Amino acid sequence: MQITIPQQVGVVGTGNIAERHRSNIRKLFPDSKIIALSSRESLLENEIPYADLVVKNVDELIEKKIDYVIIASPANLHEYFSCKFIEIGIPTLIEKPISITVSDAKKIVSNTNTYKTPVGLGYCLRYLPSLSVVQNFLSSNRLGRLFHGSVEVGQFLPDWRKNKDFRKSVSANKELGGGVLLELSHELDYLSLFFGSLEVIYSSINFSEELDLNVEDCADFYLKAGNNFNINVHLDFLQRAPTRRCRFVGTKGALDWDLINHKVIFTSKNNNEVVYEDKNFDINEIYLAMLRDFFNYSKTATSRLATPKDGANVIALIEKIRQKEVSKEK
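Residues numbered from 1 in each chain as written. Predicted model: local features only at pLDDT ≥ 70, side-chain atom pairs only at ≥ 80, totals over all residues. Heavy atoms only, no water.

Student: I tried to follow the environment of A18 on my own but got confused; where do I start?
Tutor: Examined against the element boundaries, A18 turns out to sit in helix α1 (residues 16-28). According to the relative accessible area criterion, A18 is buried, its value standing at 0%. Expressed as a C-alpha distance, the spacing of A18 and K107, which sit 89 residues apart in the sequence, is 23 Å. For A18, the residues in contact, after removing those within four places along its chain, are V11, G13 and A72. (Helix = DSSP H or I, 4+ residues; strand = E, 2+ residues; numbered from the N terminus. Buried < 20%, exposed > 50% of the residue type's maximum accessible area, 1.4 Å probe, protein only. Contact = heavy atoms within 4.5 Å.)

The following block contains the structure:
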């Protein structure tokens with residue numbers, strides 16, 4: 001499919017993910033004009049890489065008549081910025097999570113439905129080839145009836161961004177949308193994609209002394225999918241060696257998915273099969289694929305993009321996880 005070439009693209013935010021998006025837009029569309037806006041709505045002294053123009057506020061960005069916009073501000077500002085563009089019909093890509101509150105998520109969903117504007121969410125793991133392999137494996141019933149699932153994600157937060165003090169990052173600040181539940185919500189998105197509605201059975205949310213943060217740096221919770229299929233999920237900012245893996249066990253065997261090493265293995269009674277492996281996969285490819293999908297979103301009937309409704313469901317699930325922890329303490 002031929003990619004729609006935008007004349008002008010706005011990118012709100014000046015952090016790492018915003019820079020990645022600007023860089024990737026430049027790779028995909030060398031002749032497109034990239035207009036940057038700081039989420040603080042002020043002009044910055046430092047040069048913003050891969051930006052042809054920097055504007056000082058959202059109204060000025062709108063005046064430039066951009067074709068598309070990417071909202072890569074801190075999550076607490078997603079509703080404010082995105083609705084400005086949704087209400088005037090500019091296709092909008094919102095970085096994950098959609099918001100930090102259920103009420104803000106509902107506002108974005110409502111505006112999307114009212115104005116019929118194409119809106120997608122930046123759950124880029126949907127574009128991993130290994131995810132499609134796992135999804136197809138599950139839908140083909142090769143595991144049989146599912147018994148149990150487990151998900152583990154861990155990475156030492158100070159190692160995430162080498163050029164920035166982790167204490168000042170969005171990940172470490174509650175008011176900006178930090179903490180493992182929001183920052184690592186990719187797992188909740190793909191589990192919902194695989195299994196639909198999920199019920200929270202148990203949760204334990206911890207604030208360790210290791211990093212001295214005002215957000216949770218570790219969370220364990222137990223989810224129930226359809227047909228009494230249970231999934232144990234662990235998220236943390238503490239593991240020194242990065243880990244991102246998933247395992248599903250059924251009557252016909254087990255499926256192990258290593259998201260970092262891009263490998264999927266099926267183990268049965270008499271067989272150990274590497275279903276998928278790509279040792280040379282470039283992780284930036286999923287961001288490029290997501291942008292291609294976004295820029296064609298309004299032109300095609302099919303898309304892998306997460307929708308505002310998907311994102312709102314993730315925030316509602318996170319709220320239930322937090323409530324389950326609160327109710328457990330009482």
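Student: Would you mind going over the sheet that holds strand β3 (residues 53-55) with me for this structure?
Tutor: Where strands meet in a sheet, backbone hydrogen bonds hold them as pairs that are either parallel or antiparallel. Taken in spatial order, the 6 strands line up as β3-β2-β1-β4-β5-β6 in an open sheet, and their pairing is parallel. Two strands lie at the open edges of the sheet, namely β3 and β6 (119-121), each paired on one side alone. On average, each strand axis in the sheet is tilted by 20 degrees relative to the strand beside it, whichever way the strands run. Direction of pairing for strand β5 (residues 92-94) relative to β6: parallel, over a ladder of 3 bridges. By the bridge assignment, T92 is partnered in β6 with V119. Helix α8 (residues 284-295) contacts β1 (8-12), β4 (68-71), β5 and β6 of the sheet and is inclined by roughly 140 degrees relative to β4. (Pairing = 2+ DSSP bridges. Axes fitted to C-alpha atoms, helices over the stretch in contact; angles between N-to-C directions.)

Student: Honestly, the nonpolar core in this entry has me stumped. Any pointers?
Tutor: Within soluble globular proteins, side chains that are nonpolar generally end up buried alongside one another. The biggest cluster of nonpolar side chains holds 99 residues, and the ones touching the most others in it are Y190, L191, F195, L223, F248 and W257. Among the elements that make up this core, the one with the highest residue count is α8 (8 residues). Once residues within four sequence positions are removed from consideration, Y190 is found in contact with L125, L131, V151, C246, W257 and L259. (Core = buried A, V, L, I, M, F, W, Y, C linked by side-chain atoms within 4.5 Å.)

Student: Where do I start with the packing of aromatic side chains in this structure?
Tutor: What describes a pair of aromatic rings is the distance from one ring centre to the other and the angle between the planes of the rings. The full count for this structure, using the stated rule, is 14 aromatic pairs. With centroids separated by 4.9 Å and ring planes inclined at 90 degrees, the aromatic side chains of Y68 and F295 adopt a geometry described as edge-to-face. One end of the pair, Y68, is in strand β4; the other, F295, is in helix α8, with 227 residues separating them in the sequence. Classification of Y68 by relative accessible area gives buried; the value is 4%. (Phe/Tyr/Trp six-rings, centres within 6.5 Å; stacked < 30°, edge-to-face > 60°.)

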